[in-house]
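# Commentary on secondary and tertiary structure
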Number of protein chains: 2
Amino acid sequence: MAAKSATGKRVTLRDVAARVGITPAACSMALADSDRISPATKEAVRRVAAELGYVGSSAARALRKQRAGAIALIVPTTSRHVFGHSYFMHVLSGVTSVANDHDTQVLIATNADTARGLTAYERVMRSNSADGAILTSAAIEDETVDRLLASGLPLVLIGNFPQLTDAITIGVDDRSASRAATEHLIEVHGRRRLLHLTGPLDHQTGVDRRDGFLEAVTAYGIGADAIVLEGDFSEERGHALVDGLGDTYDGIVAANDDMAFGALTALRSRGRAVPSEVALIGFDDFGLSRVTTPAISTVSVPAEEMAVAATERLLKLIDGKPAEWTRRDVEVSFRYRQSCGCGA
Amino acid sequence: MAAKSATGKRVTLRDVAARVGITPAACSMALADSDRISPATKEAVRRVAAELGYVGSSAARALRKQRAGAIALIVPTTSRHVFGHSYFMHVLSGVTSVANDHDTQVLIATNADTARGLTAYERVMRSNSADGAILTSAAIEDETVDRLLASGLPLVLIGNFPQLTDAITIGVDDRSASRAATEHLIEVHGRRRLLHLTGPLDHQTGVDRRDGFLEAVTAYGIGADAIVLEGDFSEERGHALVDGLGDTYDGIVAANDDMAFGALTALRSRGRAVPSEVALIGFDDFGLSRVTTPAISTVSVPAEEMAVAATERLLKLIDGKPAEWTRRDVEVSFRYRQSCGCGA
DNA sequence: CTGAAAGCGCTTACAG
DNA sequence: CTGAAAGCGCTTACAG
């Protein structure tokens, strides 16, 4: 479907040009505000274009300019489960707001189905549907990331990818943040027997948050009492892990808020009080942790801010403009609420 | 950017054709599995295409076929605030899963900025970037909906639009559902002095949920004791409305869960127990209500299911295929949790 | 049945 | 400086 004139036909540059009495080429230049065209002609073209309701064909423009005028937000299907709805919505908000400001369309691509050995998002990229992509939360071993990178398509990754040294990435320092959160339980709340519920360890985020936890307990000499259980970022797993364990710990560092909430419900059913018997801290702050009772203390990850910066960086990359950074960490902030013992 | 051969140039149908020794036209037909092409040639074309990494140009195809191969999910900016993140993520999930199955791209469009009197999403549509659109949660008086509708572009609306009798819409019966939720507080929990916190009354959803509440209290002859306060779907307003009111009621029907949660925190700070002193019920079930303490009883709106059905309907509309419905209601379900007095 | 031209709607490199 | 041709990469209507 397309812009229609009264007769139902699409309004093209030829129509505008005919009405103004110039060529489509001149019309095109007029709308592009070229110096070649006189102010009077530009004005006439603009008036007629508005009258006829002319809107340029994105396909024709894309074909001619070899530029889609769109970027893709790539969501590996696995990470949809892994990172959850709220995370993507924060990311999507950031991406769309920047793209909007730059007259760029946003495409959502997943690798749900594959055909001829290409994932859906590879096809999006290679079919020229998008001029570049934001890829978020890929697994460490996701080989499509390498292929995408190798293809030379403009790409900005959200997250940490230490092995991809040539990639442009933006993330948070999960290790330091996790260490700081763990140290908070130790220093401020005097906890010594700590349990860590990890994220999925095929994601760098899971690895880094675990490593930060381990650094902290090691630094304080309480590593022998520390327990690390492998989780997957899901509330269910958080619940199950805590439910299947004895009561030998006095603090929990969960790698995300969903698992922290699962832990909280499990503690509740076991009759263990939070924070008095068990201090609890999560990670993410994408919405859940603020509304529970007790509210979950957490490390706030500025997902939207990362998405905004990633999108601005991508647009510069596409345009070949100079950019300030190649690998960037944004700051987290700590939200000490009730579940660690800080809040009211 | 585009699919690259070893030399860095985009691989086009001409390259494939040259290699196979046929014309690009024949190549195109081969890839489209046309009867005109022999099985042997098709096989050769497919092999060479795979070898060269050929992926067709979406722009060229769109221009030639006058079909974008994409649909737009339109998000009026106002409703972003109004309906919140989780709602859109449910909708987006539904839309992308169906679109994926039909090799269709999904574009996110908002009306954030306007140029030459056109909203961003009108430009998306009229520039042929999308073959149709899903529009969700528009305000009653949003005149761009009328213009979109009048333009004849394939459009499916999520929500209720009683005044747009020609539109294809899918929604839930908010009035009946709200009435049933209210009756639950009356019949099952014996509440007689009810407070309703409305949604924004410039949205049909707000109006219908209020009307359902009023029907129930009227039917039970307790309308004189009922209080209706105008809200806006935000937690803050829910909190403020309850905070600014005396304690003359024993039940609250909130038009959504965010306001219900705001009410809950306000009741907590006033020292009123939920559900014993005040029974509370919300609406939506997009995530929040399940995790609070007490968990909020609510009416579950199947947002993803609506989005799936809307997208399937849109694709049929675009293809001119026969469809089963023009206006459809999907069933809500009731989640009676602790806040009304039902749950454990 | 099959080959190859025409043309979708733009923009820009080129000719004059 | 300015006019108008060429061509982006496809697909289909047409000619043979």
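Worth saying up front: this structure is predicted, and the values here are computed from it rather than measured.

So, about the protein's contact with DNA strand C. Surrounding DNA strand C, one finds 22 residues, the nearest of these being L13, S28 and R64 of chain A together with R36 and R64 of chain B. Backbone atoms, meaning sugar and phosphate, form 52% of the atoms of DNA strand C found within 4 Å of the protein. At a separation of 2.4 Å, a phosphate oxygen of DNA strand C approaches a polar side-chain atom of S28 of chain A. Within the side chain of Q66 of chain B, a nitrogen or oxygen atom sits 3.3 Å from a phosphate oxygen of DNA strand C. Put simply, the parts of the chain that give the surface near DNA strand C at least two residues each are α2 (24–31) and α4 (58–65) of chain A together with α2 (24–31) and α4 (58–65) of chain B.

Adjacent strands of a sheet pair through backbone hydrogen bonds, lying either parallel or antiparallel. Reading across from one edge, β13(A)-β7(A)-β6(A)-β5(A)-β1(A)-β2(A)-β2(B)-β1(B)-β5(B)-β6(B)-β7(B)-β13(B) is the order of the 12 strands in this open sheet, with mixed pairing throughout. Taken across any chain shown, the strands that pair with only one partner, and hence form the sheet edges, are β13 (327–330) of chain A together with β13 (327–330) of chain B. Along the sheet, successive strands turn relative to each other by an average axial angle of 20 degrees, direction set aside. Of the strand pairs in this sheet, strand β1 (residues 70–75) of chain B and strand β5 (residues 133–136) of chain B are connected by 3 bridges, and their pairing is parallel. Bridge pairing links L73 of chain B to I134 of chain B in β5 of chain B.

Glancing now at the relation of the copies chain B and chain A. In summary, the two copies of the chain are related to each other by a rotation about an axis coupled with a shift along it. Overlaying chain B on chain A yields an RMSD of 0.0 Å, the required transformation being a rotation through 180 degrees with an accompanying axial translation of 0.0 Å. Those values place the two copies in the arrangement expected of a two-fold rotation axis. A share of 100% of interface residues in chain B that are also interface residues in chain A marks the association as one of identical surfaces.

So, on to the protein's contact with DNA strand D. The full set close to DNA strand D counts 22 residues, and R36 and R64 of chain A together with L13, S28 and R64 of chain B are the nearest of them. In DNA strand D, atoms within 4 Å of the protein come 52% from sugar and phosphate. The separation between a phosphate oxygen of DNA strand D and a polar side-chain atom of S28 of chain B is 2.5 Å. Take R64 of chain B: an N or O atom from its side chain is 2.2 Å from a base oxygen of DNA strand D. Where the surface near DNA strand D is concerned, the elements lending two or more residues are α2 and α4 of chain A together with α2 and α4 of chain B. For the surface near DNA strand D, a count of residues per class yields 9 nonpolar, 6 polar and 7 charged.

So, about the interface of chain B and chain A. Counting residues at the interface gives 56 residues for chain B, matched by 56 residues for chain A. In this assembly, chain B packs against chain A so that about 4,700 Å² is buried in total across both faces, 53% of it on carbon and sulfur atoms. Taken together, the connections running from chain B to chain A amount to 2 salt bridges. Note that R290 of chain A is salt-bridged to E235 of chain B, the shortest N-O span being 2.7 Å. The tally of links between chain B and chain A comes to 10 residue pairs in polar contact (both at pLDDT 80 or more). Elements represented by at least two residues in the side of chain B that touches chain A include exactly α4, α5 (77–101), β2 (105–110), α6 (120–126), α11 (257–270) and α12 (288–291) of chain B. Among the elements that make up the side of chain B that touches chain A, the one with the highest residue count is α5 of chain B (9 residues). A breakdown of the residues in the side of chain B that touches chain A according to their chemical character gives 25 nonpolar, 19 polar and 12 charged. Bridging between strand β2 (residues 105–110) of chain A and β2 of chain B involves 3 bridges; their strand directions are antiparallel. Paired with L107 of chain A across the two strands is L107 of chain B, which belongs to β2 of chain B.

With that settled, the discussion passes to the sheet that holds strand β9 (residues 227–229) of chain B. Residues and elements named next belong to chain B. Here we have 4 strands laid out as an open sheet, ordered β9-β8-β10-β11, and parallel in their pairing. Each end of this open sheet is capped by a strand with a single partner; those strands are β9 and β11 (279–281). Neighbour to neighbour, the strand axes of the sheet diverge by 15 degrees on average, direction disregarded. Relative to β11, strand β10 (residues 251–254) runs parallel, the two sharing 3 bridges. Looking across to β11, one finds that G251 is bridged to A279. Across the sheet, helix α9 (residues 204–219) is in contact with β8 (194–197), β9 and β10; its angle to β8 comes to roughly 170 degrees. Its contacts with the sheet place helix α10 (residues 235–243) against β8, β9 and β10, and it is angled at close to 145 degrees to β8.

Turning to unusual backbone geometry, a few remarks are in order. All names here are of chain A. Cis geometry is found at the peptide bond from V274 to P275, where omega equals 5 degrees. Relative to the helices and strands, P275 resides in the loop between α11 (257–269) and β11 (279–281). With phi around 65 degrees, S137 is a residue other than glycine that occupies positive phi space. Looking at the element boundaries, S137 is found in the loop between β5 (133–136) and α7 (143–150).

This next bit is on the environment of T41 of chain A. Residue and element names in this part refer to chain A. Along the chain, T41 falls in helix α3 (residues 39–52). Look at T41 and you get partly exposed, because its relative accessible area is 24%. Here the alpha-carbon distance between T41 and C27, two residues 14 residues apart in the chain, equals 8.7 Å.

Now for the nonpolar core. Among soluble globular proteins, nonpolar side chains are generally buried collectively. Formed by 94 residues in total, the largest nonpolar core has its most connected members in I158 of chain A together with I158 of chain B. Once you skip the residues sitting within four places of it in the chain, I158 of chain A turns out to touch Y87, V91, I134, L135, T136, S137, I170, M306, A307 and A310 of chain A. If you look at the next biggest cluster of nonpolar residues, it comprises 47 residues, including L229 of chain A together with A255, L264 and L267 of chain B.

With that settled, consider the pairing of strand β7 (residues 168–172) of chain B. All names here are of chain B. By the criterion of burial, β7 is predominantly enclosed, with 5 of the 5 residues buried. Burial along β7 is two-sided: I168, I170 and V172 and T169 and G171, pointing in opposite directions, are all buried. Note: strand β6 (residues 155–158) against β7, 3 bridges, orientation parallel. Its bridge partner being in β7, L157 is matched across the sheet by T169. Bridge count between β7 and β13: 4 bridges; the pairing is parallel. Its bridge partner being in β13, V172 is matched across the sheet by V330.

A word on the domain arrangement of chain A. Taken as a whole, chain A is organised into domain 1 (13–56), domain 2 (70–171 + 304–332) and domain 3 (174–301). For domain 1 of chain A and domain 2 of chain A, the distance between their C-alpha centroids amounts to 37 Å.

All names here are of chain A. One pass over the structure, following the stated rule, counts 0 disulfides over all chains. Cysteine C340 remains unbridged, with the sulfur of C342 as its closest cysteine sulfur at 3.6 Å. Here C340 falls in the buried class, since its relative accessible area comes to 0%.

This paragraph deals with the confidence of the model for chain A. Predicted confidence across chain A gives a mean pLDDT of 91, with 93% of residues reaching 70 or more. Low confidence marks residues 1–7 of chain A, where pLDDT is under 50. Its contacts with residues over four positions away, or in another chain, come to 19 contacts.

So, on to the environment of D173 of chain B. Residues and elements named next belong to chain B. By the element assignment, D173 lies in the loop between β7 and α8 (174–187). A C-alpha to C-alpha distance of 49 Å links D173 and A30, two positions 143 residues apart in sequence. Not counting chain neighbours up to four residues away, the residues in contact with D173 comprise D329 and V330. Side chain to side chain, D173 and S176 meet in a polar contact 2.7 Å long.

Reading guide: rules and limits
Residues numbered from 1 in each chain as written. Chains lettered and ligands numbered in written order. Predicted model: local features only at pLDDT ≥ 70, side-chain atom pairs only at ≥ 80, totals over all residues. Heavy atoms only, no water. Near = heavy atom within 4 Å. Polar contact = N/O pair within 3.5 Å; in protein donor to acceptor, adjacent residues only side chain to side chain. Helix = DSSP H or I, 4+ residues; strand = E, 2+ residues; numbered from the N terminus. Pairing = 2+ DSSP bridges. Axes fitted to C-alpha atoms, helices over the stretch in contact; angles between N-to-C directions. Least-squares fit on C-alpha atoms with pLDDT ≥ 70 in both. Contact = heavy atoms within 4.5 Å. Nonpolar A, V, L, I, M, F, W, Y, C, P; charged D, E, K, R; others polar. Buried area = accessible area lost by both parts, 1.4 Å probe. Salt bridge = Lys/Arg side-chain N within 4 Å of Asp/Glu carboxyl O. Buried < 20%, exposed > 50% of the residue type's maximum accessible area, 1.4 Å probe, protein only. Core = buried A, V, L, I, M, F, W, Y, C linked by side-chain atoms within 4.5 Å. Domains from an automatic or database assignment. Disulfide = S-S within 2.5 Å. pLDDT = per-residue confidence, 0-100.

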